[in-house]
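Structural description and commentary
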Amino acid sequence: MKSCLIVDDSKLIRKVVRRILESLDFAIDEARDGREALDRVRAVPPDVVLLDWNMPVMSGMEFLHALRSEQSLPAQPKVVFCTTENDIAHIRAALDSGADGYIMKPFDREILQSKLAQLALA
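What this report covers is the structure whose coordinates are included nearby. (Residues numbered from 1 in each chain as written. Predicted model: local features only at pLDDT ≥ 70, side-chain atom pairs only at ≥ 80, totals over all residues. Heavy atoms only, no water.)

1. A look at helix 3 (residues 60-68)
This is how it is decided: For the exposure calls, accessible area comes from a 1.4 Å probe over protein chains only, and a residue counts as buried if that area is under 20% of its type's maximum, exposed if over 50%, partly exposed in between. Under the DSSP-based scheme used, a helix requires at least four consecutive residues in state H or I and a strand at least two consecutive residues in state E, with every element numbered from the N terminus. We call two residues in contact when some of their heavy atoms are within 4.5 Å.
All buried positions along helix 3 are accounted for by G60, M61, F63, L64, A66 and L67. Tucked inside the fold, the buried residues of helix 3 contact helix 2 (34-43), strand 3 (48-51), strand 4 (78-83) and helix 4 (88-96).

Shown next, in the form of structure tokens:
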């Protein structure tokens, strides 16, 4: 079973994404911000991280930079930004920083499943 860490400060978004991913047979963990997410990844690295851009404590980009510099992980998880930031500069910055994908909120099951399939996770 593939695993996913959902990182978003919105409880509603986490709940909706959890339901979609559970229907796709993913084991789910959640975090409210980048710092909490980094702790969870260090404890149990997921196959994929779905990451919001704007969060308190540690933003999505700060998390991504910290994650990609982690030396202790057995393998780096795939990272997909799920955000309302839709301009080319944000998308390019995310991909240049090591994100594996980018999808816009709001998204549905088909969009998420398609992105995961592109990353060989669905």
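2. Here we look at the nonpolar core
Counted only if it meets this: To qualify as a nonpolar core, a set must consist of buried Ala, Val, Leu, Ile, Met, Phe, Trp, Tyr and Cys residues joined through side-chain atoms within 4.5 Å.
Within the largest apolar cluster, 22 residues are counted, with the highest numbers of intra-cluster contacts made by V7, V49, L51, F63 and F81. Looking at this core, the elements that each hand over two or more residues are strand 1 (2-7), helix 2, strand 3, helix 3 and strand 4. Here the element with the most residues in this core is helix 3; it accounts for 5 residues. Ignoring any residue separated from it by four or fewer positions in sequence, one finds V7 in contact with A31, D33, G34, A37, V49, L50, L51, D52 and M55. With 18 residues, the next largest nonpolar core counts C4, L21, L112 and L121 among its residues.

3. A closer look at the environment of K2
Following the sequence through the fold, K2 ends up in strand 1. Along the primary structure K2 and D47 are separated by 45 residues, whereas in three dimensions their C-alpha atoms are 6.1 Å apart. With sequence-adjacent residues up to four places away left out, K2 is seen in contact with D25, F26, A27, D47 and L121.

4. Examining the side chain of D8
Note that D8 resides in the loop between strand 1 and helix 1 (11-23). When neighbours within four sequence positions are excluded, D8 is seen to be in contact with I13, R14, A31, R32, D52, M55 and K105.

5. Focus: the pattern of salt bridges
Which entries qualify depends on this criterion: Salt bridges are defined by distance alone: a side-chain nitrogen of Lys or Arg within 4 Å of a carboxyl oxygen of Asp or Glu.
Applying the stated criterion across every chain yields a total of 12 salt bridges. Here E36 makes a salt bridge to R40, at a shortest N to O gap of 3.0 Å. Pair noted here: E36 and R40 are both in helix 2, with a separation of 4 residues, about one helical turn. Given the relative accessible area of 31%, R40 is considered partly exposed. One network of salt bridges, with partners in common, ties together R14, R18, E22 and E30.

Distances and angles like these do not, on their own, reveal function.
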